[in-house]
Amino acid sequence: MTGAADKARAIIESYDGPALRIMEVCGTHTHEIFRLGIRGLLPPQVRLISGPGCPVCVTPPGFIDEAVMLGLEHDVTVCTFGDLVRVPGTDMSLAGARSKGARVQVVYSPLDAVDYARDHASEQVTFLSVGFETTTPANCLAVERADAAGLGNFSLLTANKTMPQAYQALKGSADAFLYPGHVCAITGTRAEEDLVGQGVSGVVCGFTAPEIMCALAIILRRSQEGRPFFANAYPRVVTREGNKGAQGLVARLMEPCDATWRGLGEIPGSGMRLRDAYAAYDARRKFDLPHVEGRSNPACRCGDVLRGACTPHDCPLFGKVCTPQHPVGACMVSGEGACSAYYQYGGEQL
Ligand code: SF4
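Residues numbered from 1 in each chain as written. Predicted model: local features only at pLDDT ≥ 70, side-chain atom pairs only at ≥ 80, totals over all residues. Heavy atoms only, no water.

### A look at the overall build of the chain
So, step 1. Check the secondary structure of the chain and you find 16 helices and eleven strands.
So, step 2. Here the C-alpha radius of gyration of the chain, 20 Å, is about what a compact globule of 350 residues would show, namely 20 Å.
So, step 3. Sorting the 350 residues of the chain into buried and exposed places 55% on the buried side.
So, step 4. Pairs at least 24 residues apart make up 77% of the contacts formed inside the chain by residues separated by at least 6 positions.
So, step 5. Surface summary for the chain: the accessible area is close to 14400 Å², and the carbon and sulfur share equals 51%.
So, step 6. Looking at the chain, you have 32 positive and 36 negative side-chain charges, and the mean spots of the two groups are 3 Å apart. (Helix = DSSP H or I, 4+ residues; strand = E, 2+ residues; numbered from the N terminus. Rg over C-alpha atoms; globule rule 2.2 N^0.38 Å. Buried < 20%, exposed > 50% of the residue type's maximum accessible area, 1.4 Å probe, protein only. Contact = heavy atoms within 4.5 Å. Areas by Shrake-Rupley, 256 points an atom, 1.4 Å probe, with all protein chains shown as cover. Lys, Arg positive; Asp, Glu negative; His and termini not counted. Charge placed at Lys NZ, Arg CZ, Asp CG, Glu CD.)

What follows is the structure in structure tokens.
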């Protein structure tokens, strides 16, 4: 362990300040903090709560319904990352649609979906474009590649989201945010710095044990100063300006739109959609999809989990009806989901 990590650990273990709620905005942080046993170091008055940073989890059921509609009613081959296949829609998941004859193809990158479209010219192919600022550039790159290759059979079904508006919606849910390092690597940190002026505190956090402990230690120390703060505890990857190339690519192909988040509802300006110049690659416009509201299982508390209003243990289905083998909600399906992390690592006992 590095000297900085030793110092961070000492700060964490000796903390005797007031109660603090720290939100892990990023699902990867939730999993890594469990996996590394860092929860066990925290004093009892410091609570970690999970946030909305799992892209599969915040994608609402209406999006799955749209994908099912593409597969079953429009004879489209739906290309997607594996996590989304088992997320329940209103009536069925994509796995259910596949059992009814839909073509659902699991891919490992959006560029794989472009390759699939090139190799299957007789099929219409739609990639499910889900994610935050980290993954959106690759989705835009896929459209650029398809456009350059003249592929008229490729499109995206977009549910891309941006984090700054979610921080606004979550103001007051926690005393400080652990900001997602991967997102900030693309966006830079200006939005997070600006939140200090609105009374919101947080620290950009990396993903190794020393990085996570340093970020937590900074939060514990700075919280005692009695005023909002910001720090970048992931400087080896995150700069103030972010990745200009990725930002430029996204700005060329996409524009902001309103977006619905599971648990947070509709947040104005928090989504990204393809610009009119790329409408031919927008599955909603290409196939004239109707607006779909979608409904979750009413017993599932994913929405509350995603805004830190409860833990997975507060859901009556957790570990009984809902397990990773038989997930009822998105937070149990996704590898980044809070319910999956609590199930895998034993919840707050660690
Ligand atoms: S345990 Fe299952 S049903 Fe309950 S909130 Fe989590 S995903 Fe939803």
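Resuming the write-up.
### Section: the pattern of salt bridges
So, step 1. What the rule picks out here adds up to 22 salt bridges.
So, step 2. Where Arg39 meets Glu24, a salt bridge forms, and the shortest distance between an N and an O atom there is 3.3 Å. Here Glu24 lies in strand β1 (residues 20-26) and Arg39 lies in the loop between α2 (27-35) and β2 (46-53), a separation of 15 residues in the sequence.
So, step 3. Exposure remark for Glu24: the relative accessible area of 0% places this residue in the buried category.
So, step 4. The residue Arg35 makes a salt bridge to Glu32 at a minimum N-O spacing of 2.8 Å. Of this pair, Arg35 and Glu32 are both found in helix α2, three residues apart, which corresponds to roughly one turn of the helix.
So, step 5. Judged by relative accessible area, which is 48%, Arg35 ranks as partly exposed. (Salt bridge = Lys/Arg side-chain N within 4 Å of Asp/Glu carboxyl O.)

### What to know about the packing of α2 against helix α16 (residues 338-345)
So, step 1. Between α2 and α16, the shortest axis-to-axis distance is 9 Å and the interhelical angle comes to 10°. The angle between α2 and α16 falls in the class roughly parallel. Listed contacts from α16 to Thr30, His31, Phe34 and Arg35 of α2 are Ala338, Ser340, Ala341, Tyr342, Gln344 and Tyr345.
So, step 2. Across the contact of α2 with α16, the residue classes tally to five nonpolar, four polar and one charged. (Axes fitted to C-alpha atoms, helices over the stretch in contact; angles between N-to-C directions. Parallel < 35°, antiparallel > 145°, perpendicular 65-115°, else oblique. Nonpolar A, V, L, I, M, F, W, Y, C, P; charged D, E, K, R; others polar.)

### A few points about the sheet that holds β1
So, step 1. Read across the sheet, five strands follow the order β2-β1-β7-β8-β9 without closing on themselves; strand pairing throughout is parallel. In this open sheet, the two edge strands, each paired with only one partner strand, are β2 and β9 (230-232). Here the strands of the sheet are splayed against their neighbours by 20° on average, with no regard to which way each runs.
So, step 2. Where strand β7 (residues 176-180) and strand β8 (residues 202-205) come together, four bridges link them in parallel fashion. Bridge pairing in β8 links Leu178 to Val203.
So, step 3. Each of β1, β2, β7 and β8 is contacted by α2, which is oriented at about 115° to β1, the strand it contacts most. (Pairing = 2+ DSSP bridges.)

### Quick notes on the sheet that holds strand β6 (residues 154-161)
So, step 1. Pairing within the open sheet is mixed, and its six strands lie in the order β4-β3-β5-β6-β11-β10. Since the sheet does not close on itself, it has two edges, and those belong to β4 (104-106) and β10 (254-261), each with one partner. The mean inter-strand angle of the sheet, taken between neighbouring strand axes irrespective of direction, is 30°.
So, step 2. Strand contacts of helix α4 (residues 61-73): β3 (76-80), β5 (124-131) and β6, with the helix running at about 175° to β6, the strand carrying the most contacts.
So, step 3. Packed onto the sheet, helix α7 (residues 136-148) meets β5, β6, β10 and β11 (265-274) and runs at close to 160° relative to β6.

### Here's the deal with the environment of Val107
So, step 1. Note on placement: Val107 falls in the loop between β4 and α6 (110-119).
So, step 2. In sequence terms Val107 and Phe127 are 20 residues apart; their C-alpha atoms lie 9.0 Å from each other.
So, step 3. Setting aside its immediate chain neighbours within four residues, Val107 contacts Cys79, Thr80, Phe81, Asp112, Ala113 and Phe127.

Geometry only, nothing functional implied.
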